[in-house]
Amino acid sequence: MGKGSLMCRYARLTFVVIVASFAAGCGGGLSESSCSTPGVECTLAQAADEAGMWFGAAIESPSQFGVEQTVPSDFNSVTAENAMKWGELARTVGNYDFTRADAIAQFAEAKGVRLRGHTLVWRDQLPVDLRDKVLNAVDPARKLDEFLDDHIATVAGHFAGQAEVWDVVNEPLSAVGASLDRSLFYRFLGEQFIDDSFRRARIADPEAKLYLNEFFYSYALTDDRVQSFLALLARLRDREVPIDGVGVQAHFNGITPLTTRSEFQKFLTAIANLGLSIEITELDVSESYFRSGTNATAAQAALYRAVVGACAGVPACRGITVWGIHDGDTWLDTTPLFAPNAPHRPLLFDSLLTRKTAYYESLSALAERNNQIGIR
Ligand code: XIL
């Protein structure tokens, strides 16, 4: 139920307010106005509320430029872009400082938006001394397992009741091939580290929805990496690992190929067919793909429309999160691998917080949840 339509209901309580509600665009008589009604202007958050979906953004801190201006008006969910990663919470193993992460969790609570927890177990951004402590231990596998167990219990326990969802394991696949990544976790614990992480997260926070988050180069069902990922999901399901959903990163970063509505929706459907929920967790679309064309803004908006529409068209897809609020503050411009193509301008707001064409295309794509338009 959207906040807008709730307000409309309350507004009907008295005649005086009914008059005011007409003026506010709530519509007359018994039918409620909705974001798909011509002439009714909605924000992304309102349209997402109405569609029963999430439209979120990654944020670094509540005081970052753009956050107050867009949460909760435009986004009904937030993810910590970095603050909840293991090495950001604990520079060295076991020495937790929750200050930055708590500020985001409290901000989400104060604004009444959902908080996605990102991420408990990932090969990157680890405590600086984790590797050495493990390698120097008498029994490295056992030591790492103890560290993992303690970390998941501490962090998922800390945010229990605040984080509605956790990306429990991030990027289990290798960045260069289709097999599982030979991370510290995999090398010492094997694939079992994934199962154990989910089981431990379920114990630490039984209410949270537990997700496996991954990035892809291609979304084609014939792609090796996609097949390897789907096979992993099937194995987890067969072992009754408590996994609720899959986070699909969707960084169109200027290097990896673009996709189409049809291909992307088939990919989401393949995950849904395994009985899992889905979220698009880290969407951004670099304008650098389209520089040689005439209208990069429109081309970017078309891809946003394809991705958001595909999610809206698959009932198991719960929502979309963009990886940043505005173009002046995107990881693509500062990350060495992608910086050569800067400025990427990959987000929904420009650096002055003006809504881009991609914002409006995403907005109308959300309506497809209610209309259930199929693959086009
Ligand atoms: C990125 C952040 O955006 C950067 O600020 C940081 O320097 C590196 O990590 N996949 C993920 C995210 O799951 O956590 C990454 O975030 C982007 C790729």
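Look up a bit, the structure's there.
Residue positions within a chain follow its written sequence, with the count starting from 1. Per-residue local features are limited, in this predicted model, to residues with pLDDT of at least 70; the limit for side-chain atom pairs, both in listing and counting, is 80 or more; totals at the level of whole chains, interfaces and linings are taken over all residues. Hydrogens and water are ignored here; the side-chain numbers use all heavy atoms of the structure.

**Side note on the overall build of the protein chain**
Here comes step 1: Where helices and strands are cited, they refer to DSSP runs of H or I of at least four residues and of E of at least two residues respectively, numbered from the N terminus. The secondary structure content of the protein chain amounts to 16 helices and nine strands.
Here comes step 2: Expected size for 376 residues packed as a compact globule is a radius of gyration near 21 Å; at 21 Å, the protein chain falls within 12% of this value.
Here comes step 3: The dimensions of the protein chain, computed from C-alpha atoms along their principal axes, are 75 × 50 × 40 Å.
Here comes step 4: Only protein chains enter the accessibility calculation, which uses a 1.4 Å probe; a residue is then buried when its area is under 20% of its type maximum, exposed when over 50%, and partly exposed in between. Counting the 376 residues in the protein chain, one finds 55% classified as buried. All radius of gyration figures rest on C-alpha atoms, and the globule criterion is 2.2 Å times the number of residues raised to 0.38.

**Quick word on the pairing of strand β1 (residues 54–59)**
Here comes step 1: Counting buried positions along β1 gives five out of six residues, so the element sits mostly inside the fold.
Here comes step 2: For two strands to be treated as a pair, DSSP must find no fewer than two bridges joining them. Bridge count for β1 against strand β9 (residues 317–322) is four bridges, and the pairing is parallel. Following the sheet pairing, G56 is matched in β9 by T321.
Here comes step 3: Bridge count between β1 and strand β2 (residues 77–80): four bridges; the pairing is parallel. In the sheet register, G56 faces β2, and the bridge partner there is S77.

**Brief notes about the site of the ligand**
Here comes step 1: Around the ligand sit 13 residues in total, of which E81, K85, H118, N170 and E282 are the nearest.
Here comes step 2: For this analysis, a polar contact is any N or O atom pair within 3.5 Å, provided that within protein one partner can donate a hydrogen and the other can accept it, and provided that sequence-adjacent residues contribute only side-chain to side-chain pairs. Contact between the ligand and E81: an oxygen atom at 2.5 Å from a side-chain N or O atom of the residue.
Here comes step 3: Between an oxygen atom of the ligand and a side-chain N or O atom of E282, the distance comes to 2.8 Å.
Here comes step 4: Where accessible areas are quoted, they stem from the Shrake-Rupley method and a 1.4 Å probe; at the residue level, only the protein chains shown are allowed to cover. Expressed as a share of its isolated accessible area of 410 Å², the protein-covered part of the ligand is 80%. Being near a molecule or strand, for a residue, comes down to having at least one heavy atom within 4 Å of it.

**Notes on the nonpolar core**
Here comes step 1: Note on terminology: a nonpolar core comprises buried Ala, Val, Leu, Ile, Met, Phe, Trp, Tyr and Cys residues joined through side-chain atoms within 4.5 Å. Core analysis: the largest hydrophobic core is formed by 110 residues, its most contacted members being W166, V248, L268, I280 and L283.
Here comes step 2: Sorting elements by how many residues they give to this core places helix α13 (residues 296–313) first, with ten residues.

**As for the pairing of strand β6 (residues 245–248)**
Here comes step 1: Here β6 shows no split at all, with G245 and G247 on one side and V246 and V248 on the other all buried.
Here comes step 2: Inspection of the sheet shows strand β5 (residues 209–214) paired to β6 by four bridges, in the parallel sense. In the sheet register, E214 faces β6, and the bridge partner there is V248.
Here comes step 3: Looking down the strands as they point away from you, a crossover is right-handed if its path from the first strand over the helix to the second goes clockwise. In this region the chain leaves β5, passes through helix α11 (residues 224–238) and returns to the parallel neighbour β6; the handedness of that crossover is right-handed.
Here comes step 4: Of the strand pairs in this sheet, β6 and strand β8 (residues 277–285) are connected by four bridges, and their pairing is parallel. In the sheet register, V248 faces β8, and the bridge partner there is I280.

**Details of helix α6 (residues 99–111)**
Here comes step 1: What a helix is expected to span follows from its residue count: subtract one and scale by 1.5 Å. Across its 13 residues, α6 extends 18 Å between first and last C-alpha, which sits within 8% of the 18 Å expected from 1.5 Å per residue.
Here comes step 2: Among the residues of α6, those classed as buried are A101, D102, I104, A105, F107 and A108.
Here comes step 3: At its buried positions, α6 is contacted by β1, α4 (67–70), β2, α5 (86–89), β3 (114–121) and α8 (140–158). Any two residues having at least one pair of non-hydrogen atoms within 4.5 Å are treated as being in contact.

**Let's talk about the environment of L332**
Here comes step 1: For L332, the location among the structural elements is in helix α14 (residues 331–334).
Here comes step 2: Residue L332 is classed as buried on the basis of its relative accessible area, which comes to 0%.
Here comes step 3: Sequence separation of L332 and A310 is 22 residues, and the distance between their C-alpha atoms is 24 Å.

**Quick word on the pattern of salt bridges**
Here comes step 1: By salt bridge we mean one thing: a side-chain nitrogen of Lys or Arg within 4 Å of a carboxyl oxygen of Asp or Glu. Applying the stated criterion across every chain yields a total of 24 salt bridges.
Here comes step 2: For R200, the salt bridge goes to D149, with nearest N and O atoms at 3.1 Å. Pair noted here: R200 is in helix α10 (residues 192–204) and D149 is in helix α8, with a separation of 51 residues, a long-range link.
Here comes step 3: When the shortest N-O distance is used, the salt bridge between K356 and D327 registers 2.7 Å. Placement of K356 in the loop between α14 and α15 (357–366) and of D327 in the loop between β9 and α14 is noted, with a sequence separation of 29 residues between them. We note that K356, like D327, is buried.
Here comes step 4: Salt bridges sharing partners connect three or more residues here, namely R114, R116, D167 and E279.

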